[in-house]
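# What the coordinates show
In case you want the letters, here they are:
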Amino acid sequence: MSLELIFLGTGTSAGVPMIGCDCEVCRSNDPRDCRTRPSVLVRYDGRSYLIDAAPELRQQAIAHDITRLDGVLFTHAHADHVLGIDDLRRFNAVMKGPLDIHAEQSVLDRLGVMFRYIFEAHKNINDSFVANLIAHPRMVGEPFDLSGGTWTPLRLMHGRLPIFGYRIDHGPTGTSGGGGAIAYCTDASSVPPETFPLLENLDVLVIDALRYRHHPTHMTVDQALAVIEQVKPRRAYLTHIAHDIRHADLEPKLPEHVYLSFDGLVVGCGE
Ligand SMILES: [Zn+2]
Ligand SMILES: [Zn+2]
Ligand SMILES: [Zn+2]
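Now for a look at the structure at hand. (Residues numbered from 1 in each chain as written. Chains lettered and ligands numbered in written order. Predicted model: local features only at pLDDT ≥ 70, side-chain atom pairs only at ≥ 80, totals over all residues.)

### Examining the overall build of the protein chain
Helix and strand counts for the protein chain come out as 7 helices and 14 strands. Against the 2.2 N^0.38 benchmark of 18 Å for 271 residues, the protein chain shows a C-alpha radius of gyration of 18 Å, consistent with a compact globule. For the C-alpha atoms alone, the extent of the protein chain along its principal axes is close to 55 × 45 × 35 Å. For the protein chain, the proportion of its 271 residues judged to be buried stands at 45%. When contacts within the protein chain are restricted to residue pairs at least 6 apart in sequence, long-range pairs at least 24 apart make up 62% of them. (Helix = DSSP H or I, 4+ residues; strand = E, 2+ residues; numbered from the N terminus. Rg over C-alpha atoms; globule rule 2.2 N^0.38 Å. Buried ≥ 20, exposed ≤ 12 C-beta atoms within 10 Å, placed from the backbone. Contact = placed C-beta atoms within 7 Å.)

Shown next as structure tokens:
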């Protein structure tokens, strides 16, 4: 099976619709304007890897019939990317075993503080709270193999916070029915120069595009388009979208091979 990406959530940290907002987009009937918090599932060879655990992980997993995970990879420890961790215990139960998690050491440390009851299982009096997560510290630019797929952590800047994006290479790039190369770059306000060589020859680039106006920790649509223009992936998808963007308004204005993502969108390589 070829490399495949499923957009589980494509919204910004508050989600869309936002609590207490009655703007046109938050009231939209277009299902593509309904955006849960950002997360994607990467699939190849019958394996499933989750990037980030959004607060809606439970609903996302049920919506897409995700019943097993072969690993979870974190970009950073902001709430919209990690609050679904609690639901990983359900995968431990269903799969009757541990689950590997991958992140930068600083993020693993942060998760240990935020979810102490999960990571300090021996102090837990109730076994049903215990999660069985095996932490794997990862380094920028140092590829690692997950069941035949090569994962490379990419440095992205999220305001002043250095975070991870991920590049996934599986089999030969750009061949139908074969493999491909995908990069997932959410929550970025800029791409450092050293990251650009790691974004070459991509089938699919997913990149942060929060809204039209400037934001200190996220790219605007125009900034994302400038990165896409430089990287030249075969296709690009914008994500982490705020309520400022109405899907039907922006999609037709985007350049060729650039698309707005939406919850439930499935993208395959080699198509
Ligand atoms: Zn975020
Ligand atoms: Zn709104
Ligand atoms: Zn963030």
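From this point, things continue past the structure.
### Observations regarding the sheet that holds strand 1 (residues 4–9)
If you trace the 7 strands from one edge of the open sheet to the other, you get 6-5-4-3-2-1-14, paired in mixed fashion. Both outer strands of the open sheet, strand 6 (133–137) and strand 14 (266–268), are each paired with one neighbouring strand and no more. Pairwise comparison of adjacent strand axes, ignoring direction, gives a mean angle of 25° for this sheet. Bridge count for strand 2 (residues 39–44) against strand 3 (residues 47–51) is 5 bridges, and the pairing is antiparallel. If you follow R43 over to strand 3, its bridge partner there is S48. (Pairing = 2+ DSSP bridges. Axes fitted to C-alpha atoms, helices over the stretch in contact; angles between N-to-C directions.)

### Re the pairing of strand 10 (residues 180–185)
The element strand 10 is extensively covered by neighbouring structure, given that 6 of its 6 residues are classed as buried. On strand 10, burial covers both faces: G180, I182 and Y184 on one face and A181, A183 and C185 on the other are all buried. Note that strand 9 (residues 161–170) and strand 10 share 5 bridges and pair antiparallel. Bridge assignment links I168 to a residue of strand 10, and that residue is I182. Pairing of strand 10 with strand 11 (residues 204–208) involves 4 bridges; the strand directions are parallel.

### Some points on the environment of L260
By secondary structure assignment, the location of L260 is in strand 13 (residues 258–260). Separated by 120 residues in the primary sequence, L260 and V140 have C-alpha atoms spaced 27 Å apart.

### Structural notes on helix 6 (residues 221–231)
Along helix 6, the positions that sit buried rather than exposed are V221, Q223, A224, V227, I228 and V231. In a view along the axis of helix 6, the buried residues occupy a sector of 165°, so they form one face of it. Along helix 6, exposed side chains directed more than 90 degrees from the buried face belong to D222, E229 and Q230. Summarising the contacts, the buried residues of helix 6 are in contact with strand 11, strand 12 (235–239), helix 7 (247–250) and strand 13. Two residues or fewer after helix 6 comes K232, characterised by a positive phi angle close to 55°. (Arc of directions from axis to C-beta.)

### Remarks on the nonpolar core
Counting residues in hydrophobic clusters, the biggest one holds 71 residues, and the most contacted among them are Y166, I182, A183, C185, V204, L205 and I207. Setting aside residues no more than four positions away along its own chain, L205 makes contact with A183, C185, L199, I228, V231, P233 and A236. (Core = buried A, V, L, I, M, F, W, Y, C linked by C-beta atoms within 7 Å.)

### Concerning unusual backbone geometry
Residue P17 follows V16 across a cis peptide bond; omega there is 0°. Residue placement: P17 occurs in the loop between strand 1 and strand 2. One non-glycine residue, K96, lies in the positive phi region at around 50°. A positive phi angle is found at K232, which is not glycine, with a value near 55°. Summarising the element assignment, K232 is placed in the loop between helix 6 and strand 12. The exposure class of K232 is partly exposed, given the 13 C-beta atoms found within 10 Å.

### Focus on the environment of F262
Assignment of secondary structure puts F262 in the loop between strand 13 and strand 14. Residue classification places F262 among the buried positions, given that 21 C-beta atoms sit within 10 Å. Contact partners of F262, with chain neighbours within four places excluded, come to F7, T10, R32 and H247.

### Topic: the sheet that holds strand 9
Strand order in this open sheet of 7 strands is 7-8-9-10-11-12-13, and the pairing throughout is mixed. What marks the edges here is a single partner per strand, and that holds for strand 7 (144–146) and strand 13. Along the sheet, successive strands turn relative to each other by an average axial angle of 25°, direction set aside. Sheet strands touched by helix 6: strand 11, strand 12 and strand 13. Its angle to strand 11, the strand with the most contacts, is close to 155°.

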